[in-house]
Amino acid sequence: MTILPTLKSLAVAAAILASTSAFALAKDVTINVWAGGTGPNDVYRLDAIEIAAQQLQRQAALKGEDLKITVEKKAYSGWDDFKQALTLAAEAKTAPNIVVSGHEDIAPWSQAGLIVPVEDYVDLDAWPLNGIYENLLQIASYNGTVYGIPQDAESRPMFFWKPYMKAIGYSDADLDALPQSVQDGKYTMKNLLEDAKKMQEKGLVQPGYGFYPRTSNGPDYWQFYTSFGGAMEENGKLVFDKAAMTRTYQFFADAVKAGVTKKNHIGMPGDQWWKEVATGKAGIWDGGTWHYARLVNQEGLKDFFANVIFTLIPAGEGGKANTLTHPLVYLLTAGHDKEDTDIAAQLITIASEPRINALHAVKSAHLGISEAESEVDFYSADRWTREATERLLPHANAMPNNSDFGKYWNIMWKNLEASWTGAKSVDAAVSDAESELKSTLGDKIVIR
Amino acid sequence: MKSSRKLGLVMIAPAAIMIILFFLLPVVLTAVFSMTNMTTATGISGGVYQIAPNSLITLKSTMPDIAAELAEPRYAIDEAGLKAVEGLGLAPGIAAELRAKHAGEVFPTRREAERMIKDLAERPSTRDVKQISEQFNRSVVNTRFDSKEELFSALDTLGLKLTPEQKETVAQATYTGWTWTTDNFSRIASSPDMARVLLNTALYVALVLTLFNVGYALLLAIWTHYMPPTPASIFRGIWLLPRITPVVIYVMLWKWLAWDTGFISVLMGKFGYPPKNYLLDTAYHAWFFVVLINGFIGASMGMLVFSSAMKAIPKSQFYASEVDGASRWQQIRYIILPQMRWPILFVTCYQTLSLLASFNEILLATNGGPGNATEVWALSAYHTALRNYAGNLEYGLGAAMALVLVVIGVTLSLLYLRVFNYGTLVAKPLIED
């Protein structure tokens, strides 16, 4: 009679064991994704991972695994806060699994061991990663290792308000030819300042609104340096070209002196700037391809193509017309369970498929990451993405992935702002930048 | 006696722990960080040794042959690797096929080696491919070594004949972490921008302190002293509002007032003036607003301290002076001010220190602009250590800047105590002798 309870407990134990072995196949994973510089038009940076998670769960189910992925998303609208939060979280070992950030972070973050090479986890020869533009993959690499998967591409064009260009004498044919003549170096920075001045003299725009550049620090300003013949990096070493930097600083000082750009332009409220360029208060300005989405979706500029024409950044003295691509990349952070990182890597791979990535490209007016994406009808049917891809992307440069570039950038920007506002003369700003670069970076930068 | 002393130590222990943890330690840590070249790129917790093409650039000039040798990536299908693959527990056909078809081959990059592995008859999964290729990795490129010993033993297995000095040079060139240095201080001393920031700070503290925190506060206290009690309280309450309003909202109100779409621009527009950003129009404008914003917040504390100090002055002195025919000015000069010495010392000293360290109002209003005109030391330290568009935060330099501020603060406090003769304040009253 005593055998029954023993049997009973054995049966219960067996049942428990059986149930745990069934659960052994089940896996609950939480993948955290953070994205910087992400406004309402860029939500697919995060949502694409969610879509990918559904796909991966289905794939797992077919293999008989019960995989449940929870994606936790966090969008930062700015960059400074995001980079501060991410760096400190990573140092405290609480970084998210996936980070969407600018490619220029790869150098410092990989050196510090905050991120792991994505190529350790994915097959770069398999679709869709083998279709990503080779130059974008290069930009996502450091030390010959692929650290990130490009999440988007963009370029930073010069925008002109068409009605004002017509009012100062450009015909429709001239305007249609403008992108080409900028590309050929026939329309230069000098012409740009002259046109801006004409717009003001005719009373089309108020003083200071002829040329209305970006109001804060950003990659845009490196385009002007390139435009005036500067190089950022050569053979792995940073380059400070004094003559080119002088011409760059001088250009903005001249714009202020001519009254076409405001002396106090830097630091003005961003919302005000957006409103003004969308309503034709400004004549000529620079920005990113993604500005199209904001101008059309949030700022109420309905008839974009009737009002705005866009080109490369015109050539200045000593340089050539150019634009800069600043792809955001999906990065995998260090310090996580290898299995989780593996799942995160698979999610990034799926999110890079042309159809999913096209959702981001079209919604946010960024550019696609692969040839196949431009063949997706949904993408190519969109006039903006099609024209911007064709006109700009072939001429795009990128900032270097160099762990010291941030220091260089700070010094360059600080002195540009000082010469712009008249706090320093152009020569003093260049010479201050030179001496600070020497004491900060030593032989890690070539000064010429 | 002995036990009471012990009890005293126990009683004071919580306070001592708090002081060490929250007051002393941050300063000590700042001092420690300031002696390093710590940035985002070097990490905080320490570095590793990584022979990356980038870190070999410096080595190229001194040891070109060794740098070239080190930078060579190699994937060799050798017996050791094949044995290791067999030990991975994968399908046995994989190792067998590798041995039969590819033994002895060398691939210059991992990607090429992996392409070969993916072509095997029993195609492994991506994860297995990575594992297999790693067994044949015969280079040290981009491998992270936690210690020098690991790095040196890897160099030895590579067959490189290096002297201990050469090894040390390689270790130095490939170290990714921070090192001890005094460079931060020489950078601070030699940078023309730092001198400018220091000057800005002196100007900011001097203007806000004299015009508002002490001067205007004293004026307010005297005004309200001569008012009937109820209006005086209401008046003081109103002056407290900037202090109790959240800083972000308070600065937003100023911006709303001074922006080119703001109140002043709209008002001036009625008289035909074009709108402009009064806050950032010129350095003078920015300074004007920075001083006003901080001054209106800071004046209230001095006002409260001075008012209560004035209340402590015996009324009889005022009555006596009125009987003697003293004017208000004479009362202020001969009764109030001489007795305000210690409150003024306290407010001056306290506000100097808090102004030196304060930057949030400036950050929100001008962010140091235009053209760094209102960049003060504390804001600059914050920008250096915790804000960088390119994500490379310079903790070491930022800490050095913060330390300079601590030194200035301590020096100024000692100076104030000396000037105001603190010794007599804390001297024992004569009556107790």
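Residues numbered from 1 in each chain as written. Chains lettered and ligands numbered in written order. Predicted model: local features only at pLDDT ≥ 70, side-chain atom pairs only at ≥ 80, totals over all residues. Heavy atoms only, no water.

If you look chain B up in an unreviewed UniProt entry, it shows as Inositol-phosphate transport system permease protein from Rhizobium viscosum. Under the UniProt heading Sequence similarities (unreviewed entry), the note attached to chain B is "Belongs to the binding-protein-dependent transport system permease family." (UniProt positions renumbered as here; feature names shortened; annotations may be inferred.)

Looking up chain A in an unreviewed UniProt entry gives the name Inositol-phosphate transport system substrate-binding protein, with the organism given as Rhizobium viscosum. Quoted verbatim from the Sequence similarities (unreviewed entry) field of the UniProt record, the comment on chain A reads "Belongs to the bacterial solute-binding protein 1 family." For the record of chain A, the UniProt heading Subcellular location (unreviewed entry) holds the text "Periplasm".

K.L.:
Help me out: how do you make sense of the overall build of chain B in this one?
P.N.:
If you tally the helices and strands in chain B, you get 22 helices and 4 strands. In terms of overall dimensions, chain B is more spread out than a globule: its C-alpha atoms have a radius of gyration of 34 Å, far above the 22 Å expected for 433 residues. Seen through its C-alpha atoms, chain B measures out along the principal axes to roughly 120 × 80 × 45 Å. Split into buried and exposed, the 433 residues of chain B put 44% on the buried side. Considering only contacts within chain B whose residues lie at least 6 apart along the sequence, 72% involve residues at least 24 apart. Element-wise, carbon and sulfur atoms account for 67% of the exposed surface of chain B, whose accessible area totals about 22,800 Å². Across chain B, the mean location of the 35 positive side-chain charges is 12 Å away from that of the 31 negative side-chain charges. (Helix = DSSP H or I, 4+ residues; strand = E, 2+ residues; numbered from the N terminus. Rg over C-alpha atoms; globule rule 2.2 N^0.38 Å. Buried < 20%, exposed > 50% of the residue type's maximum accessible area, 1.4 Å probe, protein only. Contact = heavy atoms within 4.5 Å. Areas by Shrake-Rupley, 256 points an atom, 1.4 Å probe, with all protein chains shown as cover. Lys, Arg positive; Asp, Glu negative; His and termini not counted. Charge placed at Lys NZ, Arg CZ, Asp CG, Glu CD.)

K.L.:
Explanation requested: the sheet that holds strand E10 (residues 237-240) of chain A in the structure shown.
P.N.:
Two orientations exist for strands paired in a sheet by backbone hydrogen bonds: parallel and antiparallel. All names here are of chain A. Across the sheet, which stays open at both edges, the 3 strands sit in the order E9-E10-E16 with mixed pairing between neighbours. The open sheet terminates on both sides in strands that have one partner only, identified here as strand E9 (233-234) and strand E16 (445-447). Note: E10 against E16, 3 bridges, orientation parallel. Directly across from phenylalanine 240, in E16, lies its bridge partner isoleucine 447. (Pairing = 2+ DSSP bridges.)

K.L.:
What should I look at first to understand the sheet that holds strand E8 (residues 158-161) of chain A in this one?
P.N.:
Residues and elements named next belong to chain A. A sheet is described by the order of its strands in space; here 3 strands give the open sequence E11-E8-E12, paired in antiparallel fashion. Both outer strands of the open sheet, strand E11 (284-286) and strand E12 (308-311), are each paired with one neighbouring strand and no more. Ignoring which end each strand starts from, the neighbouring axes of this sheet average 25° apart. Relative to E12, E8 runs antiparallel, the two being bridged by 4 bridges. Bridged to phenylalanine 160 within E12 is isoleucine 309. Each of E8 and E12 touches helix H7 (residues 172-183); the most contacted strand, E12, lies at about 20° to it. (Axes fitted to C-alpha atoms, helices over the stretch in contact; angles between N-to-C directions.)

K.L.:
Before we go on, may I ask you to explain the UniProt feature "domain: ABC transmembrane type-1" (unreviewed entry) in chain B in this structure?
P.N.:
The positions UniProt marks with the feature "domain: ABC transmembrane type-1" (unreviewed entry) are residues 199-416 of chain B. The distance from the first to the last C-alpha atom of residues 199-416 of chain B is 20 Å, and the span holds 77% helix and 0% strand.

K.L.:
Is there a simple way to think about the confidence of the model for chain B in this case?
P.N.:
Detailed reading of the predicted coordinates is not advisable wherever pLDDT falls low. All names here are of chain B. Within chain B, residue pLDDT values average 90, and 98% of them lie at 70 or more. The least confident element of chain B is helix H22 (residues 422-425), whose mean pLDDT is 71; the most confident is helix H19 (residues 360-365), at 95. On the interface metric, ipTM, the complex scores 0.86, and its pTM is 0.88. (pLDDT = per-residue confidence, 0-100.)

K.L.:
I'm lost on the packing of helix H11 (residues 192-225) of chain B against helix H15 (residues 283-311) of chain B in this one. Help?
P.N.:
Think of two packed helices as two axes; the pair is described by the angle between the axes and how far apart they sit. All names here are of chain B. The geometry of H11 relative to H15 is characterised by a closest axis approach of 6 Å and an angle of 40° between their N-to-C directions. The angle between the axes of H11 and H15 places the two elements in the oblique class. You can see that H11 and H15 cross each other, and the crossing is right-handed. Residue composition of the contact of H11 with H15, grouped by class: 21 nonpolar, 9 polar and no charged. (Parallel < 35°, antiparallel > 145°, perpendicular 65-115°, else oblique. Left-handed = near helix turned anticlockwise from the far one by under 90°. Nonpolar A, V, L, I, M, F, W, Y, C, P; charged D, E, K, R; others polar.)

K.L.:
Looking at this structure, how should I read unusual backbone geometry?
P.N.:
Trans is the prevailing form of peptide bonds, just as negative phi is the prevailing case for residues other than glycine. Note the cis peptide between tryptophan 127 of chain A and proline 128 of chain A, where omega equals 5°. Mapped onto the elements, proline 128 of chain A comes out in the loop between strand E4 (115-116) and helix H5 (134-139). Although it is not a glycine, lysine 93 of chain A adopts a positive phi angle of roughly 60°. Relative to the assigned elements, lysine 93 of chain A resides in the loop between helix H3 (80-91) and strand E3 (98-102). Phi at asparagine 372 of chain B is positive, roughly 65°, even though this residue is not glycine. For asparagine 372 of chain B, the position within the fold is in the loop between H19 and helix H20 (377-386). When its relative accessible area of 18% is taken as the criterion, asparagine 372 of chain B is described as buried.

K.L.:
How do you make sense of the side chain of serine 370 of chain A when you look at a structure like this?
P.N.:
Residue placement: serine 370 of chain A occurs in the loop between helix H15 (354-364) and helix H16 (371-374). Beyond its immediate stretch of four places on either side in the chain, serine 370 of chain A contacts Gly131, Ile132, Tyr133 and Pro354 of chain A.

K.L.:
It is not clear to me how the pairing of strand E14 (residues 328-333) of chain A should be interpreted in this structure. Could you clarify?
P.N.:
For a regular strand, the rule is simple: side chains alternate between the two faces of the sheet. All names here are of chain A. Counting buried positions along E14 yields 6 of 6 residues, so the element is predominantly enclosed. Burial of E14 is two-sided: the residues Leu328, Tyr330 and Leu332 facing one way and the residues Val329, Leu331 and Thr333 facing the other way are all buried. Where E3 lies against E14, 5 bridges are found, and the strand directions are antiparallel. Considered in E14, the bridge of valine 100 is made with tyrosine 330. Pairing geometry for E4 and E14, over 2 bridges, is antiparallel. Paired with valine 116 across the strands is leucine 332, a residue of E14.

K.L.:
I would appreciate a short explanation of the interface of chain B and chain A in the present structure.
P.N.:
Where interface size is given, it is often the accessible area lost as the parts come together that is meant. Listed as interface residues are 51 residues of chain B and, on the opposing side, 63 residues of chain A. Buried surface at the junction of chain B and chain A, summed over both partners, amounts to about 4,800 Å²; 44% is from carbon and sulfur atoms. Our count for the contact surface shared by chain B and chain A stands at 14 salt bridges. Salt-bridge contacts for lysine 118 of chain B lead to aspartate 123 of chain A; the nearest nitrogen and oxygen are separated by 2.4 Å. At the junction of chain B and chain A, the tally comes to 32 residue pairs in polar contact (both at pLDDT 80 or more). (Buried area = accessible area lost by both parts, 1.4 Å probe. Salt bridge = Lys/Arg side-chain N within 4 Å of Asp/Glu carboxyl O. Polar contact = N/O pair within 3.5 Å; in protein donor to acceptor, adjacent residues only side chain to side chain.)

K.L.:
Sorry if this is basic, but what is going on with the UniProt feature "transmembrane region" (unreviewed entry) in chain B here?
P.N.:
All names here are of chain B. This chain's UniProt record puts "transmembrane region" (unreviewed entry) on residues 202-226, 284-306, 342-359 and 395-417. Between the end C-alpha atoms of residues 202-226 there is a gap of 34 Å, over a span that is 96% helix and 0% strand. With 89% helix and 0% strand, the stretch residues 342-359 has end C-alpha atoms that lie 27 Å from each other.

K.L.:
What should I look at first to understand helix H10 (residues 242-257) of chain A in this one?
P.N.:
The α-helix advances 3.6 residues per turn, and as a result positions three or four apart in sequence lie on the same side. Residues and elements named next belong to chain A. The first and last C-alpha atoms of H10 sit 22 Å apart over 16 residues, in line with the 22 Å expected at 1.5 Å per residue. When H10 is considered as a whole, its buried residues turn out to be Ala244, Met245, Thr248, Tyr249, Phe251, Phe252, Ala253, Ala255 and Val256. In this structure, the buried residues of H10 make contact with helix H8 (189-201), helix H9 (220-227), E10, helix H19 (405-420) and helix H20 (426-441). Looking at where H10 begins, the residue whose side-chain oxygen comes 3.2 Å from the main-chain nitrogen of alanine 243 is aspartate 241. (Expected span 1.5 Å × (residues − 1).)

K.L.:
For this particular structure, what's the right way to read the packing of aromatic side chains?
P.N.:
Aromatic ring pairs: the centre-centre distance and the angle between the two ring planes describe each pair. Applying the stated rule across the entire model yields 51 aromatic pairs over all chains. Between phenylalanine 159 of chain A and phenylalanine 304 of chain A, the aromatic rings sit 6.4 Å apart at their centres with planes inclined by 85°, giving edge-to-face as the arrangement. Separated by 145 residues along the polypeptide, phenylalanine 159 of chain A in strand E8 and phenylalanine 304 of chain A in helix H13 (residues 304-307) bring together distant segments of the chain. For the pair shown, phenylalanine 159 of chain A and phenylalanine 304 of chain A are each scored as buried. Positioned over the ring face of tyrosine 389 of chain B is lysine 83 of chain A, at 5.6 Å from the centre of the ring. (Phe/Tyr/Trp six-rings, centres within 6.5 Å; stacked < 30°, edge-to-face > 60°. Lys NZ or Arg CZ within 6 Å of the ring centre and 35° of its normal.)

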